[in-house]
Amino acid sequence: MQLTSYAHSIEEIDQLATVGVGEIILSYGPLSRGGGLDLATVNLLAQYACQRELAVSLEWDILVTEQQFAESCQQFAQLPLELFVGIRVSDFGVMQFIYQQHPSLKLIPILEGSCHNLPAILSVLELLAGRVKRVVLSIEISSGELEQIIPEIDLPVELLLLGPIPLYYSPRQLLTPLIKQERSCGELIQLFATSQEGPHHGFPLVESDHGTLIYNTRHLWLLNALPRLEQMGLTVGRVDLRAVKDHQQKGGMWQEIAALFNQFEESKAINLKDAYPFNTIHGFFRANKSDVLFPKLKNHRLTPIGENYLGEVVDVIKGELLAVVWRRNGFLPPLESSLYLLTPEGKKINFRLKWCRDTQNEPIETPIQKDEIVLINPIKRVSVKSQLYLSCQPGE
Amino acid sequence: MSSKIPELLAPAGSLEKLKVAVLYGADALYLGGQQFGLRTAADNFTQRELVEGCEFAHARGVKVYVVVNAFLHDQELAELPPYVKFLEQVGVDALIVADLGVLKVVRSHSGLPVHLSTQASVINSYGAKFWQRAGVTRVILGREVSIAHAGEIRRATGIPVEIFIHGSMCSSYSGNCVISNFTQGRDSNRGGCAHSCRFEYSYSDQDGAVIDSSSPYFLSSKDLNGLSLLPQVVEANIDSIKIEGRMKGHHYAGVVTKAYASLLAHYQKIGQWDQNILQQQTEELSRVINRDYTSGNLLHPAQGDSIYQQRENRPLEYQMVGIVHQVVKDDFILVEVKSAFELGDRLELIPFAGEAQEFELSWIRDLAGGQVVRTRPSTMVRIPYLPAAQTFNLLRGRCAEVVCN
Ligand code: SF4
């Protein structure tokens, strides 16, 4: 498995080249969400990396509004495009632009946010036919799913293995009003936010020229799963150490990470995790059950089912009547029919229909139309929202 | 310049709200089934309700779009084909999707038109082209696109475009917030958003020093309101304008739909924008649930002043108290009580067209004929007949008079 990461200086490129990283990522400020390098530095680093025989990819991961599009394209055109082995892109519009307007460039679609299933990923590859260098998969795809997905993709596949987890991306500049100071172009505002209402404290916040980003309080850590990922066929592991500010510490970590990529040793992975300066999580790697809570929130007893459904209780006047909004069109159950009510608590109450009147208190003799309010004999322990059913069809 | 009137697309959070929105003037409705949408806490439609909702809407010339806009994982995708086939059988007019995998399934199992959800965050012409190539027939643009640029995207691609015109907004790019996923284990892109952007926050800097800020709600967007911008919408040749709010109540569904419908209808008839209707309906919009209004990005990119600096919604001046279920001429109106009101209260009936009508409750009776002094929610009562009343009209009272929640 290849290792890829971000480089921001000659020294970092040297560090990465020394440990055997095959490809570096350059972030150009005007095109990169979290800010990045200026044009001269991108030029310099791209050339230097090439001299050191490192492949270079460029990150263009901002989402681009129609208004900004022409300007972004101009910024892009100034770059040494011939030096990049691929352009890392999140916005499908930008992918389409490069596909259409730059036929010699390869794309690295970042599908981290929106493609969590194989047909979606394959659709992207189809739509960008022949132009994709590799594809970046979402960290919300569990290992079980990755096992199914990766072998079906005919191209190299990349996954974030270590680094900050982006949680939120807004085009609005939301931190400037907090510090009550103007931010100059290219500058970043970095703060932390804590809410008593949420379970986690100290979210890293960044405001750049492109808006506001929020990161998770814990970083993703999947280096312990390297052998399994390798077995699945993962081709590129991305490690993002941009949050590690200490240059020396970073250098040491690169060596250890590269060693793990070359030959995995569990104990070394554990040591590295212990030394990593941020708390970590596995995210959804083991399982993604982030949708299981919702079906439980609904009361399925209130869902009318089947042909025998008649309507819903909308009023209960104790000892006097039940009011039912009728849902079955053109049907009047004969008096003495066996009916039952299913209460919101799940109780089933059988009873016989003794009388049936309209809202003017007249006995109903013709079939009841849908949505009519019907008054029937009172039943004990029944509440509003109970569902009325016929016990069996007339004649059965 | 064409002056096509855009389709007014309203939310239908339940069958009853669907009927309310249709009768208050929607041209089309969007709703969710019990799976694959983003509003899992909304009532959503059972299959039976979907059939009934389509019948009701189609009988009145109103279209129905079903939302299947979650980003699905493979296992869920496998469950999708029978649902898609059912939706086609029912006769829904289009599906709203955000996921290329879902799009693939829909296209291979039905001939239904597909609208691209705003969740896909298409905000430029090239993005619209990408999805057009993928097979969508309409693009619901990201809320970051201005009206003018939406018009440009339409011109550049020829694909029909829809924009959000009213309602709550994520402050993030749609589909680009997974705070709930990683903090609460609830996938915001599969309907589990925990609304962390509405929380109160405190801040510190890189050194841990507390930032003294008077803005504890830095992520909470104000609500979008584009009523006064309808002339620009028509000018830009936008195909459809959407009201957010499947989770919101009947009052919101009825009043907001009516506000936009009445202004558009007058323009369609007379060819001019009526300032009186605009003013009247602007006031009406201030009476429904909101977090203060902003024009969002409809004219210019939204910035700091688009943030709502409170935890709760704005206190309401009006409360919806009931919905008319039956009108018996010269006798009574049968009302389902949604919020308590009392004998002697002054209420307003909101007709499907025209101004709200105030009246005083001279008597209230329950269904057994007993006199009622104070009503209870989830009961039915009879009140005096009003000639203007029609089934599914909404009744409301001023909060000073009725009990506001
Ligand atoms: S937390 Fe807020 S910004 Fe995030 S998805 Fe939910 S509503 Fe949108």
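Everything numeric here is computed off the predicted structure, so don't read it as measured data.

Asker: What exactly am I supposed to notice about the overall build of chain B here?
Answerer: Across its full length, chain B holds 11 helices and 19 strands. Relative to the compact-globule value of 22 Å for 405 residues, chain B shows a C-alpha radius of gyration of 22 Å, a close match. For chain B, the C-alpha atoms occupy an extent of roughly 60 × 60 × 45 Å along the three principal directions. Considering chain B as a whole, with its 405 residues, one finds that 63% of them fall into the buried category.

Asker: I'm lost on the nonpolar core in this one. Help?
Answerer: Most often, soluble globular proteins have nonpolar side chains that are buried together. Grouped together as the largest cluster of nonpolar side chains are 212 residues, with contacts concentrated most on W60(A), F76(A), L137(A), L223(A), W131(B), F218(B) and Y260(B). Per-element tally for this core: the top contributor is helix α10 (residues 250-270) of chain B, with 8 residues. Residues in contact with W131(B), not counting those within four places in the same chain, are F92(A), A98(B), D99(B), L100(B), L103(B), L116(B), A120(B), V122(B) and V136(B).

Asker: Looking at this structure, how should I read the sheet that holds strand β16 (residues 321-326) of chain A?
Answerer: Within a sheet, neighbouring strands are paired by backbone hydrogen bonds and run either parallel or antiparallel to one another. All names here are of chain A. With antiparallel pairing, the 7 strands of this open sheet are ordered in space as β18-β17-β21-β15-β16-β20-β19. Edge positions in the sheet fall to β18 (348-352) and β19 (356-357), since each of these pairs with one other strand and no more. Sheet topology places strand β17 (residues 338-342) next to strand β21 (residues 387-390); 4 bridges connect them, and they run antiparallel. Looking across to β21, one finds that Y340 is bridged to Y389.

Asker: What is the right way to look at the site of the ligand in this model?
Answerer: As a matter of local geometry, the ligand sits amid C170(B), S171(B), S172(B), C177(B), C193(B), H195(B), S196(B) and C197(B). In terms of residue class, the shell around the ligand is built from 4 nonpolar, 4 polar and no charged.

Asker: Help me understand the pattern of salt bridges, please; the structure alone is not making it clear to me.
Answerer: A side chain with one charge can pair with a side chain of the opposite charge if their charged atoms come near. Scanning the model with the defined rule gives 38 salt bridges over all chains in all. For R374(B), the salt bridge is made with E342(B), and the minimal N-O distance between the two is 2.7 Å. Taken together, the residues span a long stretch of sequence, with R374(B) in the loop between β17 (365-366) and β18 (380-384) and E342(B) in the loop between β14 (332-337) and β15 (346-350) at a distance of 32 residues. R374(B) sits in the partly exposed class, given a relative accessible area of 42%. We classify E342(B) as partly exposed; its relative accessible area is 31%. Via salt bridges that share partners, E23(A), R88(A), E112(A), R134(A), E158(A) and R238(A) belong to a single interconnected network.

Asker: It is not clear to me how the domain arrangement of chain B should be interpreted in this structure. Could you clarify?
Answerer: How large an interface is tends to be reported as the accessible area lost when its parts come together. All names here are of chain B. Per the domain assignment, the segments of chain B are domain 1 (7-169 + 221-306), domain 2 (175-212) and domain 3 (318-398). A C-alpha centroid distance of 26 Å is found between domain 1 and domain 2. On the side of domain 2, 7 residues touch domain 1, which itself brings 14 residues to the contact. Both faces considered, domain 1 and domain 2 share a buried interface measuring about 850 Å² in area, 36% of it formed by carbon and sulfur atoms. Across the contact surface, domain 1 and domain 2 share 2 residue pairs in polar contact (both at pLDDT 80 or more). The residue inventory of the side of domain 1 that touches domain 2, partitioned by class, reads 4 nonpolar, 7 polar and 3 charged.

Asker: How do you make sense of the environment of P119(A) when you look at a structure like this?
Answerer: On the secondary structure map, P119(A) appears in helix α5 (residues 118-127). Here the alpha-carbon distance between P119(A) and I149(A), two residues 30 residues apart in the chain, equals 9.4 Å. With near-sequence residues (within four places) excluded, P119(A) lies in contact with D74(B), L77(B), G101(B) and K104(B).

Asker: I keep staring at the domain arrangement of chain A and nothing clicks. Help me out?
Answerer: Each domain of chain A was delimited in the assignment, giving domain 1 (2-165 + 217-281) and domain 2 (300-392). Relative to domain 2 of chain A, the C-alpha centre of domain 1 of chain A lies at a distance of 62 Å.

Asker: Explain the interface of chain B and chain A to me, please; I cannot follow it from the model alone.
Answerer: Residue-level contacts link 91 residues of chain B with 93 residues of chain A. For the pair chain B and chain A, the summed buried area comes to about 7900 Å², and 57% of that belongs to carbon and sulfur atoms. Linking chain B to chain A there are 4 salt bridges. Here K370(A) ties to E52(B) by a salt bridge, and the two come within 3.5 Å at their closest N and O atoms. In this assembly, chain B and chain A are joined by 31 residue pairs in polar contact (both at pLDDT 80 or more). For the side of chain B that touches chain A, the element with the highest residue contribution is helix α6 (residues 125-134) of chain B, accounting for 8 residues. When the residues that make up the side of chain B that touches chain A are grouped by side-chain class, the tally is 33 nonpolar, 35 polar and 23 charged.

Asker: Which parts of the structure should I look at to understand the sheet that holds β14(B)?
Answerer: Residues and elements named next belong to chain B. Ordered by their spatial adjacency, 7 strands build an open sheet running β16-β15-β19-β13-β14-β18-β17, and the pairing between neighbours is antiparallel. Each edge of the sheet is formed by a strand with only one pairing partner; in this case those strands are β16 (357-360) and β17. For β17 and β18, the ladder comprises 2 bridges, and the chain directions are antiparallel. Following the sheet pairing, R365 is matched in β18 by R382. Packed on one face of the sheet, α10 meets β13 (318-328), β15 and β19 (394-398) and runs near 100° to β19.

Reading the values: the criteria
Residues numbered from 1 in each chain as written. Chains lettered and ligands numbered in written order. Predicted model: local features only at pLDDT ≥ 70, side-chain atom pairs only at ≥ 80, totals over all residues. Heavy atoms only, no water. Helix = DSSP H or I, 4+ residues; strand = E, 2+ residues; numbered from the N terminus. Rg over C-alpha atoms; globule rule 2.2 N^0.38 Å. Buried < 20%, exposed > 50% of the residue type's maximum accessible area, 1.4 Å probe, protein only. Core = buried A, V, L, I, M, F, W, Y, C linked by side-chain atoms within 4.5 Å. Contact = heavy atoms within 4.5 Å. Pairing = 2+ DSSP bridges. Near = heavy atom within 4 Å. Nonpolar A, V, L, I, M, F, W, Y, C, P; charged D, E, K, R; others polar. Salt bridge = Lys/Arg side-chain N within 4 Å of Asp/Glu carboxyl O. Domains from an automatic or database assignment. Buried area = accessible area lost by both parts, 1.4 Å probe. Polar contact = N/O pair within 3.5 Å; in protein donor to acceptor, adjacent residues only side chain to side chain. Axes fitted to C-alpha atoms, helices over the stretch in contact; angles between N-to-C directions.

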